[in-house]
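Examining the three-dimensional arrangement
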Amino acid sequence: QLQIVESGGGLVQPGGSLRLSCAASGFTFDFYYAVGWFRQAPGKDREGVSCIDYDGNTNYADSVKGRFTISRDNAKKTGYLQMNSLKPEDTGIYYCALDSWCGTTWADRDFGSWGQGTQVTVSS
């Protein structure tokens, strides 16, 4: 069945960068999904970070706009999140999720399929 695997997390200093990957497999046709990135810090609610539709339209949380860039490679069935100028408040488990579209509700809507998450820690 559908498999989603995040990678690329790690420990970085404030101001550093990380590139997260979201590899999808197990579906029967093309990579025709919206790809969302979400994060959750200990004791806090899940937060929508970014979303990209199949057609390339993008959405960002205000807190990451200008620092993060979402992209996708449909041939590789992979989504990406380039994170620059990282701050300690960016720390959390980052999850990739797939759904039919981003729309206006992407940040709070429960996406259909989720990966296992990858830890991002920003600390000096």
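The structure contained in this document is the topic of the report that follows.

Here's the deal with the pairing of strand β3 (residues 18–25)
Examined bridge by bridge, strand β1 (residues 3–7) and β3 share 5 bridges and lie antiparallel to one another. When the bridges of β3 are listed, E6 appears paired with C22. Bridge count between β3 and strand β8 (residues 78–83): 6 bridges; the pairing is antiparallel. In the sheet register, S21 faces β8, and the bridge partner there is Y80.

Focus: the nonpolar core
Counting residues in each nonpolar core, the largest one holds 24 residues, and the members touching the most others are V35, W37, F68, L81, M83 and Y94. Contributions of two or more residues to this core are made by β3, β4 (34–40), β5 (47–52), β7 (68–73), β8, β9 (92–99) and β11 (118–122). The element contributing the most residues to this core is β3, with 4 residues. What F68 contacts, discounting residues up to four positions off in sequence, is R39, V49, Y60, L81, Q82, M83, N84, L86, D90 and Y94. Judged by nonpolar contacts, the second largest core, of 7 residues, contains A34, F38, C51 and W106.

How each quantity is defined
Residues numbered from 1 in each chain as written. Predicted model: local features only at pLDDT ≥ 70, side-chain atom pairs only at ≥ 80, totals over all residues. Heavy atoms only, no water. Pairing = 2+ DSSP bridges. Helix = DSSP H or I, 4+ residues; strand = E, 2+ residues; numbered from the N terminus. Core = buried A, V, L, I, M, F, W, Y, C linked by side-chain atoms within 4.5 Å. Buried < 20%, exposed > 50% of the residue type's maximum accessible area, 1.4 Å probe, protein only. Contact = heavy atoms within 4.5 Å.

In short, the description is geometric, and any link to function would need to be established separately.
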